[in-house]
Amino acid sequence: MADLFEGLEEPIFLVTTDLGKRIRPLGQIVSGVSKASLGGRTITLCLSKFGFTAKVIVERTKCFTLHLLAESNHDLVRLFGTETGRNVDKFDKIQHLLSKDRFGDVIEHG
């Protein structure tokens, strides 16, 4: 079965959210992303139910930013895929810039 996926280049996504001044920015690697409608405006994300970021998105912010990581940013996978935001400020370990999009949502730029 492992040979089935060998050599396939899968895109890697990072999801981030922010509660403003109440808590630092949060992020985690997304297990999967797919279109959920023919128009392409609805997507399905697969997040770890144990992830602090997913918990904050579902229970508090109700919004997120989805980032498609370039190959040059694949080093972020270890940080955002193995560390927990409960204990670690992941954004303290990388250079980033916070800005707001046209809807007022915070976007992290690395």
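In this text, all values refer to a predicted model and were calculated from it rather than measured experimentally.

**Overview of the nonpolar core**
Next, step 1: Among the nonpolar cores identified, the biggest contains 7 residues, and these are Leu14, Ile29, Leu69, Leu76, Leu79, Phe80 and Phe91.
Next, step 2: Per-element accounting of this core gives the leading share, 3 residues, to helix α3 (residues 76-82).

**What to know about the pattern of salt bridges**
Should the charged atoms of two oppositely charged side chains come close, the side chains can pair.
Next, step 1: Across all of its chains, the model carries 1 salt bridge by this definition.
Next, step 2: A salt bridge links Glu59 to Lys55; the shortest N-O distance between them is 3.4 Å. Linking Glu59 with Lys55, this pair stays in helix α2 (residues 52-61), spanning 4 residues, or about one helical turn.
Next, step 3: Residue Lys55 is classed as partly exposed on the basis of its relative accessible area, which comes to 38%.

**Observations concerning the layout of surface pockets**
Next, step 1: As a volume, the second largest pocket reaches approximately 180 Å³.
Next, step 2: Residue lining of the second largest pocket: 15 residues in total, with Gln28, Gly51, Phe80, Glu83 and Lys90 positioned closest to the centre.
Next, step 3: Among the secondary structure elements, those contributing two or more residues to the lining of the second largest pocket are β2 (26-29), α2 and α3.
Next, step 4: Looking at the lining of the second largest pocket, its residues break down into 4 nonpolar, 9 polar and 2 charged.

**Description of the confidence of the model for the protein chain**
Next, step 1: Considering every residue of the protein chain, the mean pLDDT works out to 78; 75% of them sit at 70 or more.
Next, step 2: For the protein chain, the element scoring lowest by mean pLDDT is strand β7 (residues 106-109), at 52; β2 scores highest, at 90.

**Some details on the packing of aromatic side chains**
Next, step 1: If you walk through the whole model with that rule in mind, you get 1 aromatic pair.
Next, step 2: Where Phe80 meets Phe91, the ring centres are 5.3 Å apart and the plane angle is 65°; that geometry is what we call edge-to-face. Placement of Phe80 in helix α3 and of Phe91 in the loop between α3 and β6 (97-100) is noted, with a sequence separation of 11 residues between them.

Thresholds, definitions, all that
- Residues numbered from 1 in each chain as written.
- Predicted model: local features only at pLDDT ≥ 70, side-chain atom pairs only at ≥ 80, totals over all residues.
- Heavy atoms only, no water.
- Core = buried A, V, L, I, M, F, W, Y, C linked by side-chain atoms within 4.5 Å.
- Buried < 20%, exposed > 50% of the residue type's maximum accessible area, 1.4 Å probe, protein only.
- Helix = DSSP H or I, 4+ residues; strand = E, 2+ residues; numbered from the N terminus.
- Salt bridge = Lys/Arg side-chain N within 4 Å of Asp/Glu carboxyl O.
- 1 Å grid on protein atoms, 1.4 Å probe; cavity = no way out; pocket = protein on both sides within 12 Å on 5 of 7 lines; lining within 4 Å.
- Points joined across faces, edges and corners; volume = space filled by probe spheres on them.
- Nonpolar A, V, L, I, M, F, W, Y, C, P; charged D, E, K, R; others polar.
- pLDDT = per-residue confidence, 0-100.
- Phe/Tyr/Trp six-rings, centres within 6.5 Å; stacked < 30°, edge-to-face > 60°.

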